[in-house]
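Coordinates in review
Letter by letter, the chains look like this.
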Amino acid sequence: MTRTVYLNGSWLAEADAKVSIFDRGFLFADAIYEVTGVVGGKLLEYVGHAARLKRSTAELGIACPLTDEELLAVHREIVRRNDLDEGLIYLQISRGAAYRDFAFPTDATPTLVLFTQAKAVLDNPKVKTGISVALVPDQRWARRDIKTVQLLFPSMAKMQAASVGADDAWLVEGGFVTEASSATSHIISKDGTLITRGLSNAILHGITRLSVLDIARSAGLAVEERAFTPDEAKNAAEAFITSATSFVLPVTSIDGQPVGDGKPGPLTLKLRELYIESRLAAAI
Ligand code: PLP
């Protein structure tokens, strides 16, 4: 199926959407992105993703070309034009095309792109088995709180994990887990405490993470926001990742060692159920 995509105010067939070779997103990865989940044609966690988008553009001094209302309208319109029931909307804003120079140009016009990807996000077969992860040294840059399109190292880490038969990488820095290649890492200790790294420049401030922590606290789970070690993770009762399209997904082995009994954890599965229920109810 040919998708209709959005490029700088125009709706185009995907093959007709063209961006300059001088675009700084292409030359310098001078761009940020967001991924918003869609279920039943509705946007999940839109408010959070829009807020993080603003934060990322502000950190880089890129002006978002649309107002908040226009941006929401474009998200809704792209769902309608592509008849998207379930999947995701990818949005990217680059600083725009300019004479190639490391210094930021002052007069570039940002490039705004949105496209959709259909995907069965609710009925994920990995929920039943959990995913396996391999530990990989975190060699990304130090501003991971900005959601930039510099995704080469996470891609390499994912390939490294795949080369040893794992589904994903958990990144490790200074003896502690930072996060997964494209998701937040969490563990549940044997005494039932949800442990997840606190917010800093070391990790992306996950929108799903925030909701899941709220849900966990409301459900009476103790939550500790602190860094944890690979050994702590391997010896945890449960482990899971969160992201906009995986929601809450069990991790059942780390570097070939089973987590708990090697099956998706009951608290993890409960958190997934509660998360999906509450986010679907709040979808717009
Ligand atoms: N951490 C990284 C490095 C990510 O790439 C992502 C999502 O793409 C996340 C965490 C999860 O963020 P969110 O829950 O907002 O999708």
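Given the structure is predicted, the values throughout are model-derived calculations rather than measurements.

What follows deals with the overall build of the protein chain. Each helix and strand counted, the protein chain has 8 helices and 15 strands in total. Over its C-alpha atoms the protein chain spans a radius of gyration of 19 Å, differing by no more than 12% from the 19 Å that the globule rule assigns to 284 residues. Reported as C-alpha extents along the three principal axes, the dimensions of the protein chain are approximately 55 × 40 × 30 Å. Classification of the 284 residues of the protein chain by burial places 50% in the buried group.

Close contacts around the ligand come from 17 residues, with Arg 52, Lys 147, Glu 179, Ile 207 and Thr 208 the closest. Backbone polar atom of Ile 207 to an oxygen atom of the ligand: 2.8 Å apart, as the coordinates give it. In isolation the ligand has 390 Å² of accessible area, and contact with the protein removes 92% of it. Partitioned by chemical class, the residues of the shell around the ligand number 5 nonpolar, 8 polar and 4 charged. A domain split of the shell around the ligand shows at least three residues from each of domain 1 (4-118) and domain 2 (126-282).

Okay, the pairing of strand 1 (residues 4-7) next. Regular strands show a simple pattern: their side chains alternate between the two faces of the sheet. Across 4 bridges, strand 1 lies against strand 2 (residues 10-13) in antiparallel orientation. By the bridge assignment for strand 2, Val 5 is matched with Leu 12. With antiparallel pairing between neighbouring strands as the criterion, strand 1 and strand 2 make up a hairpin whose turn holds 2 residues, including Asn 8 at a positive phi of roughly 45 degrees. Of the strand pairs in this sheet, strand 1 and strand 6 (residues 111-118) are connected by 2 bridges, and their pairing is antiparallel. Bridge pairing in strand 6 places Tyr 6 opposite Leu 114.

This part takes up the environment of Glu 238. Looking at the element boundaries, Glu 238 is found in strand 13 (residues 238-243). Owing to a relative accessible area of 7%, Glu 238 belongs among the buried residues under this scheme. Those residues within four positions of Glu 238 in sequence are excluded, and the remaining contacts are Ile 187, Ile 188, Val 259, Gly 265, Pro 266, Leu 267 and Thr 268. For Glu 238, the side chain forms a polar contact with the side chain of Thr 268, separated by 2.7 Å.

On to the domain arrangement of the protein chain, then. Along its sequence, the protein chain is organised into domain 1 (4-118) and domain 2 (126-282). The straight-line distance from the C-alpha centre of domain 1 to that of domain 2 is 26 Å. Listed by partner, the interface residues are 20 residues for domain 1 and 20 residues for domain 2. Carbon and sulfur atoms supply 64% of the area that domain 1 and domain 2 bury against each other, a total of about 1,800 Å² over both sides. Among the residues of domain 1 in contact with domain 2, Tyr 33, Glu 45 and Arg 52 are the three that bury the most area, contributing 38% of the side total. If you look at where domain 1 meets domain 2, you find 3 salt bridges. Ionic pairing is found between Arg 279 and Glu 45, a salt bridge with its closest N-O pair at 3.6 Å. In this assembly, domain 1 and domain 2 are joined by 8 residue pairs in polar contact (both at pLDDT 80 or more). Contributions of two or more residues to the side of domain 1 that touches domain 2 are made by strand 3 (31-39), helix 2 (46-60) and strand 5 (86-94). Its residues placed into classes, the side of domain 1 that touches domain 2 shows 10 nonpolar, 5 polar and 5 charged.

For the rest of this paragraph, the subject is the sheet that holds strand 3. Consider a sheet: its strands pair through backbone hydrogen bonds, and that pairing is either parallel or antiparallel. Pairing is antiparallel across the open sheet formed by 6 strands, whose spatial order is 2-1-6-5-3-4. Of all strands in the sheet, those with a lone pairing partner are strand 2 and strand 4 (42-43), marking the two edges. Two strands pair when backbone bridges link them, and strand 5 and strand 6 are joined in this way by 8 bridges, in the antiparallel orientation. Across the sheet, the residue bridging to Leu 91 is Leu 114, located in strand 6.

Below, the discussion takes up the packing of aromatic side chains. What characterises a pair of aromatic rings is the spacing of the ring centres plus the angle enclosed by the ring planes. As enumerated under the stated definition, the model contains 6 aromatic pairs in all. A centroid spacing of 4.8 Å and a plane angle of 20 degrees characterise the contact between Tyr 90 and Phe 115, whose relative ring orientation is stacked. Residue Tyr 90 is found in strand 5, and its partner Phe 115 is found in strand 6; the two are separated by 25 residues along the sequence. Here the aromatic cluster, defined as three or more aromatic residues joined through ring pairs, consists of Tyr 33, Tyr 90 and Phe 115. Above the plane of the ring of Phe 28 lies Arg 24, whose end atom (NZ or CZ) is 4.3 Å from the centre. One Lys or Arg, Arg 95, reaches over the ring of Phe 104 and ends 3.4 Å from the middle of that ring.

Criteria and thresholds
Each residue is numbered by its place in its chain's sequence as written, counting from 1. Owing to the predicted nature of the model, reporting of local features is limited to residues with pLDDT of at least 70; listing and counting of side-chain atom pairs is limited to 80 or more, with chain, interface and lining totals taken over all residues. Side-chain numbers come from the whole structure's heavy atoms, not from hydrogens or water. Segments assigned H or I by DSSP are reported as helices when at least four residues long, segments assigned E as strands when at least two residues long, and all are numbered from the N terminus. Just to be clear, the radius of gyration here is over C-alpha atoms, and the globule rule we use is 2.2 Å times residues to the power 0.38. A simple rule labels every residue: compare its accessible area, found with a 1.4 Å probe on the protein chains alone, to the largest value its type can have, and call it buried under 20%, exposed over 50%, or partly exposed in between. By convention in this text, a residue qualifies as near a molecule or strand provided that one of its non-hydrogen atoms is within 4 Å of it. Here a polar contact means two N or O atoms within 3.5 Å. Within protein one must be a hydrogen donor candidate and the other an acceptor candidate, and residues neighboring in sequence count only if both atoms are side-chain atoms. Surface accessibility in these figures is a Shrake-Rupley result with a 1.4 Å probe; residues are shielded only by whichever protein chains are displayed. Amino acids are sorted into nonpolar (Ala, Val, Leu, Ile, Met, Phe, Trp, Tyr, Cys and Pro), charged (Asp, Glu, Lys and Arg) and polar (every other residue, Gly among them). The split into domains, and so the bounds of each, comes from an automatic or database assignment of domains. Here, any two strands with at least 2 DSSP bridges between them count as paired. A contact between two residues is defined here by any heavy atoms of the two lying within 4.5 Å. Defined here as a combined quantity, buried area equals the accessible surface (1.4 Å probe) lost by two parts on assembly, summed across both. Should a side-chain nitrogen of Lys or Arg be within 4 Å of a carboxyl oxygen of Asp or Glu, the pair is scored as a salt bridge. Ring pairs shown here join Phe, Tyr and Trp side chains whose ring centres sit within 6.5 Å, with only the six-membered ring taken for Trp; geometry is labelled stacked below 30 degrees between planes, edge-to-face above 60, and tilted in between. A positively charged side chain is recorded as over a ring if its NZ (Lys) or CZ (Arg) lies within 6 Å of the ring centre. The angle to the ring normal must also be within 35 degrees.

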